[in-house]
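For reference, the chains in residue letters:
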Amino acid sequence: MTRWIMIALLVIGMGMAFLTHSPGVLGLGLVLAVVGAFGTVMSIAAERIAARSRPEAAMLQPDVIAALRERARANGAPAAPPRDRTG
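Our subject in this report is the structure included herewith. Since we're looking at a predicted model, the values are computed, not measured. (Residues numbered from 1 in each chain as written. Predicted model: local features only at pLDDT ≥ 70, side-chain atom pairs only at ≥ 80, totals over all residues. Heavy atoms only, no water.)

### Points about a nonpolar patch on the surface
Selection rule: Patch rule: a residue counts if its relative accessible area is over 30% and it has no salt bridge; like charges are joined within 9 Å, and nonpolar side chains (Val, Leu, Ile, Met, Phe, Trp, Tyr) within 5 Å. Accessibility throughout is a Shrake-Rupley quantity obtained with a 1.4 Å probe, and a residue counts as covered only by protein chains that appear here. Only one rule defines a salt bridge in this text: a Lys or Arg side-chain nitrogen within 4 Å of an Asp or Glu carboxyl oxygen. Relative accessible area decides the class of each residue, using a 1.4 Å probe on protein chains only: under 20% of the type maximum gives buried, over 50% gives exposed, and in between gives partly exposed.
A cluster of nonpolar side chains, contributed by Leu60, Val64, Ile65 and Leu68, occupies part of the molecular surface with about 310 Å² of accessible area. Residue classification places Leu60 among the exposed positions, given a relative accessible area of 52%.

### A short note on the pattern of salt bridges
Note the cut-off: Only DSSP runs of H or I covering at least 4 residues are called helices, and only runs of E covering at least 2 are called strands; the numbering of each starts at the N terminus.
Scanning the entire structure with this criterion turns up 2 salt bridges. For Arg3, the salt bridge goes to Glu47, with nearest N and O atoms at 2.4 Å. Taken together, the residues span a long stretch of sequence, with Arg3 in helix H1 (residues 2-19) and Glu47 in helix H2 (residues 23-52) at a distance of 44 residues. Classification of Glu47 as partly exposed rests on a relative accessible area of 38%. For the salt bridge of Glu70 with Arg73, the shortest nitrogen-to-oxygen distance reads 2.7 Å. Here Glu70 and its partner Arg73 are both found in helix H3 (residues 62-74), 3 residues apart, which amounts to about one turn of the helix.

### Regarding H3
Inclusion rule: Each residue after the first adds 1.5 Å to the expected span of a helix.
A rise of 1.5 Å per residue sets the reference length of H3, with its 13 residues, at 18 Å; its end C-alpha atoms lie 18 Å apart and thus fit the reference within 8%. Phi for Gly76, located one or two positions after H3, is positive at around 90°.

### Looking at the environment of Ala8
Summarising the element assignment, Ala8 is placed in helix H1. Separated by 28 residues in sequence, Ala8 and Gly36 place their C-alpha atoms 7.5 Å apart.

Put into structure tokens, the structure is as follows:
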């Protein structure tokens, strides 16, 4: 929904900029067009990120991960090296 509002804002701003003879309306149209273009790009990016991310419920809690590591050590499996979290 937000994407379509931003696209409409972009089109309205560009229409104002191309059809006016007034510098004030031209400036307003260009500002609307820039805001609409930026909003459109950000809303498309947000939708792509949301589509590819895992839901919060599918992620394991730290205590569950620790319990799984302890069970793996008890079964004799080699311990995985800790991942670097600075990167």
